[in-house]
Amino acid sequence: MALKIIPAHWHLGSLRQWHWISSAVCLVGMLMFAATGITLNHAAIIPATPVVTSIESVLPPSVLDAVIVPDSEKAQLSKELRAWLEHELSIYIPASARGEWSDEEVYVALPRPGGDAWLSIDLAGGDILYERTTRGWIAYLNDLHKGRDTGTAWSWFIDVFAIACVVFCVSGLLLLQRHAGSRPSTWPMVGLGLVIPLILIILFVH
């Protein structure tokens, strides 16, 4: 007897529509996450040569005067300072970035997917030291997979993408149930998808 898990009010046409729409939404993202799952699993043997870019400069007095040491040890950089850095040195500092302030300097950590960056400003003389490290496209995509230093928008995308994947899988399961009566191998194959990972975890993952 076929397992009856499909709701009675769900028509086959509606179910297929949910399935193909969710699969279309998930297609590109699923390919990316599947490919980066392989690269993450073999990260130790995939070469990555870091490329380091350094910039040294000096703030003009007018901009340095606009840098006011805040009361707290972690605070935003001034709008004037961020605008000058972006216009003159092509250094983008997001408004959400927080600096670590002291009487002598401000240090800003700028983590990003596939690399890292930081900025140091001497508050007395206005000397700037900026360093950016990139580790290539594979590292960038791997960090997108993990959601590492990717920001709020990408975090929301991952959540929405995961929900779409759940819809895709559940609608696919319901379609399998719908046709299982004429395809006896349906549930054994579905069961393999559960049993094989469990056996590997029990025997080999410690």
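Please refer to the structure placed before this passage.
Now for a look at the structure at hand.

Conventions and cut-offs
- Residues numbered from 1 in each chain as written.
- Predicted model: local features only at pLDDT ≥ 70, side-chain atom pairs only at ≥ 80, totals over all residues.
- Heavy atoms only, no water.
- Pairing = 2+ DSSP bridges.
- Helix = DSSP H or I, 4+ residues; strand = E, 2+ residues; numbered from the N terminus.
- Contact = heavy atoms within 4.5 Å.
- Axes fitted to C-alpha atoms, helices over the stretch in contact; angles between N-to-C directions.
- Bend = angle between axes of the 7 residues up to and from the residue.
- Buried < 20%, exposed > 50% of the residue type's maximum accessible area, 1.4 Å probe, protein only.
- Parallel < 35°, antiparallel > 145°, perpendicular 65-115°, else oblique.
- Left-handed = near helix turned anticlockwise from the far one by under 90°.
- Nonpolar A, V, L, I, M, F, W, Y, C, P; charged D, E, K, R; others polar.

What about the sheet that holds strand β4 (residues 105-109)?
Strand order in the open sheet formed by six strands is β1-β6-β5-β4-β3-β2, with antiparallel pairing between adjacent strands. What marks the edges here is a single partner per strand, and that holds for β1 (51-58) and β2 (74-75). Sheet topology places strand β5 (residues 115-122) next to strand β6 (residues 127-134); seven bridges connect them, and they run antiparallel. Paired with Ile-121 across the two strands is Ile-128, which belongs to β6. With respect to the sheet, helix α3 (residues 79-89) is in contact with β1, β5 and β6, its orientation differing from that of β1 by roughly 115°.

As for helix α1 (residues 12-41)
Of all the bends in α1, the largest measures some 50° and sits at Leu-27. Looking only at α1, the buried set comprises Leu-15, Ser-22, Cys-26, Gly-29, Met-32, Phe-33, Thr-36 and Thr-39. Elements in contact with the buried residues of α1: α4 (137-146) and α5 (151-179).

Here we look at the packing of α1 against α5
As a packed pair, α1 and α5 sit with axes 8 Å apart at the nearest point and diverge in direction by 135°. Classified by the angle their axes make, α1 and α5 are oblique. For the pair α1 and α5, the sense of crossing is left-handed. Grouping the amino acids of the contact of α1 with α5 by side-chain chemistry returns 18 nonpolar, seven polar and two charged.

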